[in-house]
Amino acid sequence: MSDIFVGIEKALMSSSVEETINLTRQAFQQLQADVNFVEPADRQIKGIEQVCFPAKPICVNPRDLPRRRLGSDAGKSSFIHSIAHIEFNAIKLALDIAYRFKGLPVQFYRDWLFVANDECKHFELLNQHLAKYDCEYGDFPSHDGLWSMAAKTDEDILARLSLVPRYLEARGLDVTPLMVTKLKAQKDTAAAAILELILEEEVTHVAHGTKWLDYVCEQFSLQRENVYFENINHYMKGQILGPFNRTLRLRAGFTDSELNELERLNKRP
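Residues numbered from 1 in each chain as written. Predicted model: local features only at pLDDT ≥ 70, side-chain atom pairs only at ≥ 80, totals over all residues. Heavy atoms only, no water.

Asks: Got a minute to help me understand the overall build of the chain in this structure?
Replies: Scanning the chain from terminus to terminus reveals 11 helices and 0 strands. Helices (α) and strands (β) of the chain occur, in sequence order from the N terminus, as α-α-α-α-α-α-α-α-α-α-α. Against the 2.2 N^0.38 benchmark of 18 Å for 269 residues, the chain shows a C-alpha radius of gyration of 18 Å, consistent with a compact globule. For the chain, the C-alpha atoms occupy an extent of roughly 55 × 45 × 30 Å along the three principal directions. By residue count, 51% of the 269 residues in the chain fall in the buried class. Looking at the chain alone, contacts between residues at least 24 apart form 81% of all its contacts between residues at least 6 apart. In the chain, the 32 positive side-chain charges and the 38 negative ones have mean positions that sit 6 Å from each other. (Helix = DSSP H or I, 4+ residues; strand = E, 2+ residues; numbered from the N terminus. Rg over C-alpha atoms; globule rule 2.2 N^0.38 Å. Buried < 20%, exposed > 50% of the residue type's maximum accessible area, 1.4 Å probe, protein only. Contact = heavy atoms within 4.5 Å. Lys, Arg positive; Asp, Glu negative; His and termini not counted. Charge placed at Lys NZ, Arg CZ, Asp CG, Glu CD.)

See below:
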């Protein structure tokens, strides 16, 4: 197995935040420098159930998470922690798609390690900001909604690309602008600036999902829009959350037709 995939596997199987980030960055830098990279034809893949996460935060049902208003320091720190948790999970998600799916062009692996490297930066910026509230990642309970979808789509690249970057992560394009506005209203301009950076870079991450869903659909002579909504209906039971940021989603590769259908589904009783 290539040393790059050894590093990715170690990062996925690590329960240490620091080690996960260090190994992710090493794999990213190594692949960027390796102009002759070839995926080993015989590489073996561990089951997704073996991927490890830190002992903290404790994961609970989303309904059991305490609700705090942004008007207090406790509310702001809890909110920022929830975004940090999303970003840490996003590191594992990007690593896993690069690790789990074989036989793709080298640029596929470059793109998803690029995303993983960005997510490391996002997580560290948020975790450093948490220190201003005298807390750190792991201090608040969270949920595993993002990762649970990865587990459901571990053997289906069409479903993974449809449901993780182009559905769950694309929701960040819709909701983050309002988060930025609320943080600015609470005078936490530093956190708002971090989210503005994350928002801009997440457009590229979702666009990678569009790019590679297009590629895989082309290999099987499938229509992307059909595949996308078939997976939403199968995995999400057609339960769509809006509203949708058309401007940012268009930049990330969504079509007007896709957005019109998402809005139709969102209005459906």
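Asks: Explain the environment of methionine 236 to me, please; I cannot follow it from the model alone.
Replies: Position of methionine 236 relative to the elements: it lies in helix 9 (residues 224-236). The class for methionine 236 is buried, based on a relative accessible area of 18%. For the pair methionine 236 and tyrosine 167, spaced 69 residues apart in sequence, the C-alpha separation works out to 9.9 Å. Contacts of methionine 236, omitting those with residues within four sequence positions, involve Met149, Leu163, Tyr167 and Asn231.

Asks: Help me understand the side chain of arginine 171, please; the structure alone is not making it clear to me.
Replies: Locating arginine 171 in the fold gives a position in helix 7 (residues 171-185). Here the side chain of arginine 171 touches leucine 241 through a polar contact of 3.1 Å, landing on its backbone oxygen. Setting aside anything within four residues of it in sequence, one finds arginine 171 in contact with Leu241, Gly242, Pro243, Phe244 and Arg249. (Polar contact = N/O pair within 3.5 Å; in protein donor to acceptor, adjacent residues only side chain to side chain.)

Asks: Looking at this model, I keep getting lost on helix 1 (residues 3-13). Mind explaining?
Replies: One turn of an α-helix holds 3.6 residues; hence residues three or four places apart share an orientation. Most of helix 1 sits inside the fold, with 8 of its 11 residues counted as buried. Those residues of helix 1 lying buried are Ile4, Phe5, Gly7, Ile8, Glu9, Ala11, Leu12 and Met13. Tucked into the core, helix 1 has its buried residues touching helix 2 (17-33), helix 3 (73-100) and helix 4 (106-130).

Asks: Before we go on, may I ask you to explain helix 7 in this structure?
Replies: The end-to-end C-alpha distance of helix 7 is 22 Å, a good match for the 21 Å that 15 residues give at a rise of 1.5 Å each. By the burial criterion, the buried members of helix 7 are Arg171, Leu173, Asp174, Thr176, Met179, Val180 and Leu183. Positive backbone phi, at 70°, marks lysine 187, one or two positions downstream of helix 7. (Expected span 1.5 Å × (residues − 1).)

Asks: For this particular structure, what's the right way to read the side chain of glutamate 258?
Replies: Mapped onto the secondary structure, glutamate 258 falls in helix 11 (residues 256-267). At a separation of 3.1 Å, a polar atom in the side chain of glutamate 258 contacts the side chain of arginine 166. Polar side-chain contacts of glutamate 258 include one of 3.0 Å to the backbone nitrogen of threonine 255. Among residues more than four places away in sequence, those in contact with glutamate 258 are Arg166, Arg224, Glu225, Tyr228, Phe229 and Gly253.

Asks: It is not clear to me how the packing of helix 2 against helix 4 should be interpreted in this structure. Could you clarify?
Replies: The relative placement of two packed helices is expressed as an angle between their axes plus a distance between the axes. Look at helix 2 against helix 4: their axes get within 9 Å of each other, and the N-to-C directions meet at 140°. The two elements helix 2 and helix 4 meet at a crossing, and its hand is left-handed. Contacts between helix 2 and helix 4 involve Val17, Ile21, Thr24, Arg25, Ala27, Phe28, Leu31 and Gln32 from the first element and Tyr109, Arg110, Leu113, Phe114, Ala116, Asn117, Cys120, Lys121, Phe123 and Glu124 from the second. When the residues that make up the contact of helix 2 with helix 4 are grouped by side-chain class, the tally is 11 nonpolar, 3 polar and 4 charged. (Axes fitted to C-alpha atoms, helices over the stretch in contact; angles between N-to-C directions. Left-handed = near helix turned anticlockwise from the far one by under 90°. Nonpolar A, V, L, I, M, F, W, Y, C, P; charged D, E, K, R; others polar.)

Asks: What's the story with the packing of aromatic side chains in this structure? I'm lost.
Replies: Aromatic ring pairs are defined here through the distance separating the ring centres and the angle between the ring planes. One pass over the full model with this rule turns up 14 aromatic pairs. Where phenylalanine 108 meets tryptophan 212, the ring centres are 5.3 Å apart and the plane angle is 85°; that geometry is what we call edge-to-face. Of the two residues, phenylalanine 108 sits in helix 4 while tryptophan 212 sits in helix 8 (residues 189-219), which places them 104 residues apart along the sequence. The same class applies to phenylalanine 108 and to tryptophan 212, which are both buried. An aromatic cluster of three or more residues is present, and its members are Phe5, Phe37, Phe108, Tyr109, Trp112, Trp212 and Tyr215. Lying over the aromatic face of phenylalanine 5, arginine 43 brings its terminal NZ or CZ to 3.9 Å of the ring centre. If you follow arginine 43 out to its NZ or CZ, it ends over the ring of tyrosine 99, 6.0 Å from the centre. (Phe/Tyr/Trp six-rings, centres within 6.5 Å; stacked < 30°, edge-to-face > 60°. Lys NZ or Arg CZ within 6 Å of the ring centre and 35° of its normal.)

Asks: Is there a simple way to think about the pattern of salt bridges in this case?
Replies: Opposite charge on two side chains permits pairing when their charged atoms draw close. What the rule picks out here adds up to 18 salt bridges. Close ionic contact of glutamate 9 with lysine 46 constitutes a salt bridge, the shortest N to O distance being 3.6 Å. With glutamate 9 in helix 1 and lysine 46 in the loop between helix 2 and helix 3, this residue pair connects regions lying 37 residues apart in the sequence. A relative accessible area of 16% means that glutamate 9 is categorised as buried. One salt bridge connects arginine 251 with glutamate 200, and the closest N-O pair in it is separated by 2.6 Å. (Salt bridge = Lys/Arg side-chain N within 4 Å of Asp/Glu carboxyl O.)

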